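This is what each chain is made of:
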Amino acid sequence: MMKLFDNTETAFKLKSDSELERAYFLFKLIQNQPMVRIGTAVTNFALKAHLPIEGLIRSTVFDHFCGGVTEDDCLPNIENMYMKGKVCSILDYSVEGKEDETQFENALEMTLKTIEFAREKNSIPYAVFKPTGFGRFALYQKLTEGEKLTDEEKKEWEKVVARYHKVCKAAIEKNVPLLIDAEESWMQDAADDLIEELMEIYNKDKAIVFNTLQMYRHDRMEYLRKLHQRAHQKGYHIGMKVVRGAYMEKERARAEEKGYNSPICQDKAATDRNYDAAITYMMEHKNMAIFAGTHNENSSYLLLQLAKKHAIKADDKRMWFGQLYGMSDHISFNLAKEGYNVAKYVPFGPVRDVMPYLIRRAEENTSVAGQTSRELNLLKTEKARRKL
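Residues numbered from 1 in each chain as written. Predicted model: local features only at pLDDT ≥ 70, side-chain atom pairs only at ≥ 80, totals over all residues. Heavy atoms only, no water.

Quick look at the layout of surface pockets
It is a probe the size of a water molecule, rolled over the atoms, that shows where empty space is left. Counted as a void, the second largest pocket has a volume near 570 Å³. Lining the second largest pocket are 20 residues, and of these L29, G39, T40, T43 and V61 sit closest to its centre. Mapped onto the lining of the second largest pocket, the elements with two or more residues apiece are helix 2 (17-30), helix 3 (33-48), helix 4 (54-65) and helix 16 (351-367). Examining the composition of the lining of the second largest pocket, we find that seven residues originate from one element, helix 3, more than from any other. Across the lining of the second largest pocket, the residue classes break down as 16 nonpolar, four polar and no charged. (1 Å grid on protein atoms, 1.4 Å probe; cavity = no way out; pocket = protein on both sides within 12 Å on 5 of 7 lines; lining within 4 Å. Points joined across faces, edges and corners; volume = space filled by probe spheres on them. Helix = DSSP H or I, 4+ residues; strand = E, 2+ residues; numbered from the N terminus. Nonpolar A, V, L, I, M, F, W, Y, C, P; charged D, E, K, R; others polar.)

Considerations on empty space enclosed by the protein
Per the counting criterion, the structure on display carries one cavity of 30 Å³ or more. What the largest cavity holds in volume is close to 40 Å³. As for the largest cavity, its lining consists of F12, K15, A23, F27, H64, G326, S328, D329, E375 and L379. Put simply, the parts of the chain that give the lining of the largest cavity at least two residues each are helix 2 and helix 17 (371-387). In terms of residue class, the lining of the largest cavity is built from four nonpolar, three polar and three charged.

Some points on the nonpolar core
Among the nonpolar cores identified, the biggest contains 81 residues, and Y140, Y164, V209, M240 and V242 are the most heavily contacted of them. Not counting residues within four places of it along the chain, the set of residues in contact with Y140 comprises P131, T132, F134, G135, W157, V160, Y164, M187, A190 and A191. Counting 37 residues, the second largest nonpolar core, distinct from the first, contains F12, V128, F291 and V351. (Core = buried A, V, L, I, M, F, W, Y, C linked by side-chain atoms within 4.5 Å. Buried < 20%, exposed > 50% of the residue type's maximum accessible area, 1.4 Å probe, protein only. Contact = heavy atoms within 4.5 Å.)

Overview of the packing of helix 8 (residues 137-144) against helix 9 (residues 151-174)
With their axes 11 Å apart at the nearest point, helix 8 and helix 9 run at an angle of 105 degrees to one another. Relative to helix 9, the element helix 8 lies roughly perpendicular. For the pair helix 8 and helix 9, the contacting residues are L139, Y140, K142 and L143 in the first and E153, E156, W157, V160 and Y164 in the second. Class assignment for the residues of the contact of helix 8 with helix 9 results in six nonpolar, no polar and three charged. (Axes fitted to C-alpha atoms, helices over the stretch in contact; angles between N-to-C directions. Parallel < 35°, antiparallel > 145°, perpendicular 65-115°, else oblique.)

A short note on the state of the cysteines
Evaluated as defined, the whole model comprises zero disulfides. Among the cysteines around C74, which has no disulfide bond, C66 carries the closest sulfur, lying 8.3 Å off. A residue is classified by how much of its surface remains accessible, and C74, at 0% relative accessible area, is buried. Note on C88: no disulfide assigned, nearest cysteine sulfur contributed by C74 at a separation of 15 Å. (Disulfide = S-S within 2.5 Å.)

Written out as structure tokens, the structure is:
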């Protein structure tokens, strides 16, 4: 019997033959680690030197992994996935590494705009932002490390907190749940503490504010259990996006350099166990809403089994599956066909500003064993099927 995720006809039904070929070509390139390293270095150099390569990036890697340059650019893709594949989208403004007040205000306005988009469109169920979109990394880090803020920094942090409250109020008003991404461990405690305060205020009736658990961190199960105890005592709902994590090399390198124990699980198997423990725990408690961000087939099957066990219907809004645009279509489209809530993270932004995101995607694909070969095998199977 064919397993649910083996159906390549459903997985790639939105892709034309030429898009299928482009995807195959890209994953073939990504499979080659030295090529990714060289490509990354050359691309960074070319962008810094203002060489005219944006067109090339746009027509290859950008168009595969991103929805467009602006949110309006993304709409045809979003509507296409929703109308033809029942797959929703989350607009993700993926501009990274900007550190001034103007950029923070821009990110705030963009998030408010995507909340408005989500209110108007059934195809967009959530809004999302990154903590460092709203404030400086070093400020979160200082708070996480328990250092005293200067008077200037206190005012700066007040502005950051005000931005969070502004988007949460808009999210409540428009009934649009809000995902807040996780970042590096040495700044994350400050974000976690703030988001917990927001959950207490805004998640009284249901989960509107969602934090993110990176389960490659071995301390996250303990954090989840303690958060659950506090939520139970204070009477609010927990919303969590559960992911494996995106900064593994960086986390391990810093721990080694600074001489502390790495927060990352010992190996991939330990991360997998940790991830599955988190989704199992969350599915056992009614006052939790889960957004399972995963490209892992086994974890996706486990969530299906847990839903069945706890009599949670496929379309229950407390349970969503999420994958990145341009990846794991065999999971997204096959789940959506079965009536489950599925959303693609659709990154957008100016080509130049989205490059750090794209480079991280390429590096992640080369470092996760089997992920790229799985994409290639599925694409190969579909190409062969179409030739029959």
